[in-house]
Each structure stands twice: as structure tokens, then as C-alpha cells.
Amino acid sequence: MVGALEGVGLTDEAQALRAAASGATAPRETGSGARIFAGRLPPADAGNGDLWFDPVELTTMVLVPASADLSPDVAGWLALRPCAVWQLRTFMRVGKVVRAPSTPKAYLDPRRLEGLPGRAPATGLWHDEAIAYAHWFGKTLAGRFHLEAAVAFLSPVQLDAILPEGLSLWDGAEYSEGKREAVSRAQLAAGGDDDDNDDDDALGEWARRPDIGFATFVRTRSGLMTEPKRRTYFFDLDGVAPR
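Fair warning: this is a prediction, and the values are worked out from it, not measured in the lab.

(A) Focus on the overall build of the chain. Scanning the chain from N- to C-terminus turns up eight helices and eleven strands. Its C-alpha atoms give the chain a radius of gyration of 17 Å, near enough to 18 Å, the size a compact globule of 243 residues would have. Once the C-alpha set of the chain is aligned to its principal axes, its extents read approximately 45 × 40 × 35 Å. Per-residue burial for the chain yields a buried fraction of 47% across its 243 residues. Put simply, of all contacts in the chain between residues at least 6 apart along the chain, 62% involve residues at least 24 apart. Accessible area of the chain: about 11800 Å², with a carbon and sulfur share of 52%. Positive and negative side-chain charges in the chain, numbering 26 and 34 respectively, have mean positions lying 10 Å apart.

What follows is the structure in C-alpha cells.
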């Protein structure tokens, strides 16, 4: 896996995975001066701006504090980039849910991703599929308030990686009954307090668009979810990622 990551240019992830596999617990220094930890659990002694490489999701996350006008519950680990096609494709092959008769036939079907560039952000998926992916790893989705905290704290380069122009990210919360929301850079720049635009921003529970992806998040206060069976909005998960 280290070689595969290096082969596609994910050298930081490859080095962190090598460190995690060797059992190394001490963080390494990054070029930006932040520390990067590697391990199956979020580091307890990390500081704001430090990085954590999760060898289970194969994702690097950054510790973002809540800004002064946001709840402390917003503080947590935010994935440094949206979920990529190769990650979602792998999850679709191994992650399972307890299906119901009303499940869309293409739900978690990796054939939908055939021919797509592996490193591109995974888009065109249902909100519930994004929830299933995040919960399978013991995480949640990064939502509007997490991204607002990121805008206030992270560098422009990091923000461009997390939320590129032209891409929106699914918010994990149910916007209103039967409605979902995706957050874009433009919405964050404009602020989210204009109630007159609420209906324009809302999407149906089975809506999907080619410009909507998602990123994972772990709240500092609660950490990774540890229940053996976790629910999406509609289904139970049949198994979870081993930690």
C-alpha cells in the first residue's frame, strides 16, 4: 500500500502509513511547522493545526479549533481533502448496509465509479451514501459550521484542498425533514444566515449532483464513534472498519 500511494504521488500519506505500520508514535515535523501524527486513533496531545494521518481511512486530517462565534463542539479533526474516487470505490466494495426494499438499486454500487479518475473527488453520490462511508470509519461528515471554523483558521492552500472551487460538500445534518444541504465556498463567503435562501439551498433526500462530494470529520469532544452498529438515515451498517 505504501508503494501504491507513492506511485500516484501521495508521498505524505505513504510516509505516514509507513510510520504507522512501524508502530512509531512520535509525531514528525512537516514543512509548515505543524506536527503530523500517525495512528489508528486521533492523538490526545495534538495542538490546533497539527495533522493526523488515519491509516484506516488513509486520510490526513487537520485539527481545527472553533472560532469565537461558534460552539466548542465544532472543534475537531477535518479531512484535508474531500473523499476521493479510489477511497469511495474501495468502501463500496467492502462496506455493507442492511438493505431495505426501498433501497435504490445503485446504492453503494462501485460500477457507478468505473472509468473515473481515482484521485478526483468522489461526487454524484447520495447524501446517505456519504453518511454510510463516514460512519463506517467512525466519523461524521464535515458540515457548514466545521467549514466555517476552517475558513477562520486554515491557510488558503489548505482551504483550496478541502473545498476546491466548483465543488460543494454534503452537510451531515438533516437540513429539515426530508431535505439535505451541500455547502460551497460561495455560500461560506456569503454567510449562512439568510433565511430567505433556505429553500433554494435545500435538496431532496435522494438528490445527487456531479458537483457535490464530501469530507469526513471527527469531533474533539467525542472522538471516533465506537458503537458496533451505526445507522445512516435509512439503514444499519453491516460491519464497520476495524480499528
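(B) Just the pattern of salt bridges, in detail. Taken as a whole and assessed by the stated rule, the structure comprises 14 salt bridges. Put simply, Arg18 and Glu6 hold a salt bridge, and the shortest N to O gap is 3.1 Å. Separated by twelve residues along the polypeptide, Arg18 in helix 2 (residues 11-21) and Glu6 in helix 1 (residues 2-7) bring together distant segments of the chain. On the accessibility criterion, Glu6 (37% relative accessible area) is partly exposed. Among the charged side chains, a network of salt bridges with common partners joins Asp54, Glu57, Lys139 and Arg243.

(C) View of the pairing of strand 4 (residues 59-64). Of all six residues in strand 4, six are buried; the element is thus mostly enclosed. Neither face of strand 4 is exposed, since Thr59, Met61 and Leu63 on one face and Thr60, Val62 and Val64 on the opposite face are all buried. With four bridges connecting them, strand 3 (residues 51-54) and strand 4 associate as antiparallel partners. Each residue of the ladder has a partner; that of Phe53, found in strand 4, is Thr60. The antiparallel hairpin formed by strand 3 and strand 4 contains four residues in its connecting segment, where Leu58 sits at a positive phi of about 60 degrees. With four bridges joining them, strand 4 and strand 5 (residues 76-79) adopt antiparallel strand pairing. When the sheet's bridge partners are listed, Met61 is paired in strand 5 with Ala79.

(D) The sheet that holds strand 8 (residues 179-183), seen in detail. Strand order in the open sheet formed by four strands is 9-8-7-10, and the pairing between neighbours is mixed. The strands lining the two open edges of the sheet, one partner per strand, are strand 9 (202-204) and strand 10 (212-213). Relative to strand 9, strand 8 runs antiparallel, the two being bridged by three bridges. Note on strand 9: the bridge partner recorded for Glu181 is Ala202.

(E) Broad picture of the packing of helix 3 (residues 85-94) against helix 4 (residues 127-136). The contact between helix 3 and helix 4 brings their axes to 11 Å, and the two run at 80 degrees. In terms of orientation, helix 3 and helix 4 fall into the roughly perpendicular class. Contacts between helix 3 and helix 4 involve Gln87, Leu88, Phe91, Met92 and Val94 from the first element and Glu129, Ala132, Tyr133 and Trp136 from the second. Of the residues in the contact of helix 3 with helix 4, the class split is seven nonpolar, one polar and one charged.

(F) Up close: the packing of aromatic side chains. What the rule picks out here adds up to twelve aromatic pairs. Ring centres of Tyr107 and Trp206 lie 6.2 Å apart, and the angle between their planes is 75 degrees; this geometry places the pair in the edge-to-face category. Remark: Trp206 occurs in the loop between strand 9 and strand 10 and Tyr107 occurs in the loop between helix 3 and helix 4; sequence separation between them is 99 residues. Through pairs of rings, three or more aromatic residues link up here, namely Phe91, Tyr133, Trp136, Phe137 and Phe214. Cation over ring: Arg112 sits above Trp126, and NZ or CZ is 4.9 Å from the ring centre. A cation over an aromatic ring shows up here: Arg208 above the ring of Trp126, its NZ or CZ 4.2 Å from the ring centre.

(G) Seen up close, unusual backbone geometry. Phi at Leu58 takes a positive value of approximately 60 degrees, unusual for a residue other than glycine. Assignment of secondary structure puts Leu58 in the loop between strand 3 and strand 4. Judged by its relative accessible area of 10%, Leu58 is buried. In the Ramachandran plot, Leu108 falls in the positive-phi region, its phi being about 55 degrees despite a non-glycine side chain. Its location among the elements puts Leu108 in the loop between helix 3 and helix 4.

The rules behind the values
Residues numbered from 1 in each chain as written. Predicted model: local features only at pLDDT ≥ 70, side-chain atom pairs only at ≥ 80, totals over all residues. Heavy atoms only, no water. Helix = DSSP H or I, 4+ residues; strand = E, 2+ residues; numbered from the N terminus. Rg over C-alpha atoms; globule rule 2.2 N^0.38 Å. Buried < 20%, exposed > 50% of the residue type's maximum accessible area, 1.4 Å probe, protein only. Contact = heavy atoms within 4.5 Å. Areas by Shrake-Rupley, 256 points an atom, 1.4 Å probe, with all protein chains shown as cover. Lys, Arg positive; Asp, Glu negative; His and termini not counted. Charge placed at Lys NZ, Arg CZ, Asp CG, Glu CD. Salt bridge = Lys/Arg side-chain N within 4 Å of Asp/Glu carboxyl O. Pairing = 2+ DSSP bridges. Axes fitted to C-alpha atoms, helices over the stretch in contact; angles between N-to-C directions. Parallel < 35°, antiparallel > 145°, perpendicular 65-115°, else oblique. Nonpolar A, V, L, I, M, F, W, Y, C, P; charged D, E, K, R; others polar. Phe/Tyr/Trp six-rings, centres within 6.5 Å; stacked < 30°, edge-to-face > 60°. Lys NZ or Arg CZ within 6 Å of the ring centre and 35° of its normal.

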